[in-house]
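One-letter residues, chain by chain:
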Amino acid sequence: MEPPVRYRVGDLDIAVICDGYIKLDAGAVMGLVPRVVWEPIIGRENIDAEHRMKLSLNCIVVRSGEEILLVDTGMGDKVRGTPRERGFPGEYGRLLEGLGALGLGPEDVTVVANTHLHADHCGWNTRRAEDGRLVPTFPRARYVVQAGEFEAAMHPNERTKGTYFEENFAPLAESGQLELVTGETELIPGVRFWPTPGHTADHASVVLSSRGETAIYTGDLVHHAVQVERPAWIAAFDILPLMSLESKKRLAERALRENALLICVHNPFPGVGRLRERDGRRTFEPA
């Protein structure tokens with residue numbers, strides 16, 4: 001297990017922890033970009049015999065006063081057997097180990113925020129109790145989700161039903177811990193949802209601001225850091241690609257303007273860096 005990596009943004013203490021990784025078709029991650037263009041950037045050595053690449057499952061823990069916020073919860077440990085082998089291959093389920101390395105248990109988390117409700121971002125929202133019941137993993141937390149995203153997840157269509165699993169979020173409504181919000185919303189002091197539609201209609205990134213410093217947890221606005229450098233590189237997974245393009249352009253402009261620390265969910269752990277611009281060329285530089 002990768003040990004947590006810590007950062008400081010003003011008064012905010014940020015730790016990146018990892019649930020593991022999933023393997024997805026590299027061509028789907030890169031969308032319409034021809035393989036001959038993206039493969040030299042990804043590296044042929046990072047693509048397996050089935051043309052899949054590893055996508056890390058980076059989550060963050062943020063402390064602000066008495067609040068402990070967890071943003072996204074990885075794949076969790078509920079996907080097994082054929083669904084895991086065919087749909088979500090990889091090694092994952094380690095999020096609680098990452099929390100433990102910070103000296104935290106599930107009962108210490110006060111807020112959970114999901115950028116969206118695809119299976120690889122909310123799997124640890126719930127767990128199976130010894131009697132088989134699905135229960136919230138974090139018993140004291142309020143779970144904050146965009147209302148439109150929850151509605152889409154509860155009523156998936158033919159395209160989205162393969163990644164919206166009710167077991168990851170329906171129990172939260174039953175336990176009374178689900179908090180639905182709309183638009184830009186404060187999660188804890190200094191941390192806000194920032195709507196970045198495109199991957200889904202109500203996808204939201206998370207912005208951390210303190211003492212003039214900024215960090216942005218991208219969610220699936222980008223699946224690989226090269227998509228921050230080149231906004232027109234849009235993953236095939238994005239439901240609204242042209243909206244995704246506009247959201248990524250806003251992300252890049254804000255990242256440059258505020259010298260923001262970018263925390264990319266699926267980049268190799270810890271997935272953290274800054275966007276730089278020199279002679280009109282933008283480059284993601286790991287931090």
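**Comments concerning the layout of surface pockets**
By volume, the largest pocket amounts to about 400 Å³. Taken together, the elements giving at least two residues each to the lining of the largest pocket come down to β2 (12–25), α2 (35–42) and β3 (52–64). If you tally residues by element for the lining of the largest pocket, the top one is β3, at 4 residues. A class-by-class count of the residues in the lining of the largest pocket yields 9 nonpolar, 7 polar and 3 charged.

**Points about the pairing of β3**
Burial of β3 is extensive: 11 of the 13 residues sit out of reach of the surface. Both β2 and β3 contribute to a ladder of 11 bridges, which runs antiparallel. Opposite Ile22, over in β3, you have Leu55 as the bridge partner. Counted between consecutive antiparallel strands, the loop separating β3 from strand β4 (residues 67–71) contains 2 residues, among which Gly65 sits at a positive phi close to 65°.

**Side note on the pairing of strand β12 (residues 191–195)**
Pairing analysis gives 2 bridges linking strand β11 (residues 186–188) to β12, with the strands arranged antiparallel. The residue bridging Ile188 from the neighbouring strand is Val191, located in β12. Sheet topology places β12 next to strand β13 (residues 204–210); 5 bridges connect them, and they run antiparallel. Bridging across to β13, Pro195 finds its partner in Ala204.

**A few points about the packing of aromatic side chains**
Using the criterion set out here, one finds 3 aromatic pairs in the structure. Relative to Phe165, the ring of Phe88 has its centre 5.9 Å away and its plane inclined at 85°; by these criteria the two rings are edge-to-face. Placement of Phe88 in the loop between α3 (81–87) and β5 (90–92) and of Phe165 in the loop between α6 (147–154) and α7 (170–175) is noted, with a sequence separation of 77 residues between them. Assessed through its relative accessible area of 12%, Phe88 is described here as buried. When its relative accessible area of 21% is taken as the criterion, Phe165 is described as partly exposed. With 6.5 Å between their ring centres and 50° between their planes, Phe138 and Tyr143 make a pair best called tilted. In terms of burial, Phe138 and Tyr143 fall into one category: buried.

**A few points about the nonpolar core**
By size, the foremost hydrophobic cluster in this structure holds 28 residues, and its most contacted members are Ile60, Leu69 and Val191. For this core, the leading source of residues is β2, giving 4 residues. Once residues lying within four places of it in the same chain are set aside, the contact partners of Val191 are Leu12, Val62, Leu69, Thr185, Glu186, Val206, Val207 and Leu208. Core analysis: the second largest hydrophobic core is formed by 24 residues, Leu99, Leu102, Val109 and Trp124 among them.

**A closer look at the pattern of salt bridges**
Close approach of charged atoms lets side chains of opposite charge pair. This structure, assessed with the given rule, holds 19 salt bridges. The shortest N-O distance in the salt bridge between Lys23 and Asp48 comes to 3.8 Å. Of the two residues, Lys23 is situated in strand β2 and Asp48 in the loop between α2 and β3; the sequence distance between them amounts to 25 residues. For Asp48, a relative accessible area of 24% gives the class partly exposed.

**So, the sheet that holds strand β17 (residues 281–286)**
If you trace the 7 strands from one edge of the open sheet to the other, you get β11-β12-β13-β14-β15-β16-β17, paired in mixed fashion. For this open sheet the edge positions go to β11 and β17, each flanked by a neighbour on one side alone. Adjacent strand axes in the sheet meet at a mean angle of 30° when their direction is disregarded. Bridge count between strand β15 (residues 261–263) and strand β16 (residues 272–278): 2 bridges; the pairing is antiparallel. Bridge pairing links Ile263 to Val272 in β16. This element, helix α9 (residues 241–257), spans β12, β13, β14 (213–217), β15, β16 and β17 of the sheet and lies at about 85° to β16.

**Thoughts on unusual backbone geometry**
A cis geometry characterises the amide bond from Phe269 onward to Pro270, with omega recorded as 0°. In this structure, Asp72 is a non-glycine residue whose phi angle is positive, near 65°. Of note, Asp72 is situated in the loop between β4 and α3. A residue is classified by how much of its surface remains accessible, and Asp72, at 1% relative accessible area, is buried. Although it is not a glycine, Asn259 sits at a positive phi angle of roughly 50°.

**Some remarks on a nonpolar patch on the surface**
Taken together, the side chains of Ile239, Leu240 and Met243 make up a nonpolar region of the molecular surface, amounting to roughly 210 Å² of accessible area. Within the secondary structure, Met243 sits in helix α9. Given the relative accessible area of 38%, Met243 is considered partly exposed.

Cut-offs and rules
Residues numbered from 1 in each chain as written. Predicted model: local features only at pLDDT ≥ 70, side-chain atom pairs only at ≥ 80, totals over all residues. Heavy atoms only, no water. 1 Å grid on protein atoms, 1.4 Å probe; cavity = no way out; pocket = protein on both sides within 12 Å on 5 of 7 lines; lining within 4 Å. Points joined across faces, edges and corners; volume = space filled by probe spheres on them. Helix = DSSP H or I, 4+ residues; strand = E, 2+ residues; numbered from the N terminus. Nonpolar A, V, L, I, M, F, W, Y, C, P; charged D, E, K, R; others polar. Buried < 20%, exposed > 50% of the residue type's maximum accessible area, 1.4 Å probe, protein only. Pairing = 2+ DSSP bridges. Phe/Tyr/Trp six-rings, centres within 6.5 Å; stacked < 30°, edge-to-face > 60°. Core = buried A, V, L, I, M, F, W, Y, C linked by side-chain atoms within 4.5 Å. Contact = heavy atoms within 4.5 Å. Salt bridge = Lys/Arg side-chain N within 4 Å of Asp/Glu carboxyl O. Axes fitted to C-alpha atoms, helices over the stretch in contact; angles between N-to-C directions. Patch = residues over 30% accessible without salt bridge, like charges linked within 9 Å, V, L, I, M, F, W, Y side chains within 5 Å. Areas by Shrake-Rupley, 256 points an atom, 1.4 Å probe, with all protein chains shown as cover.

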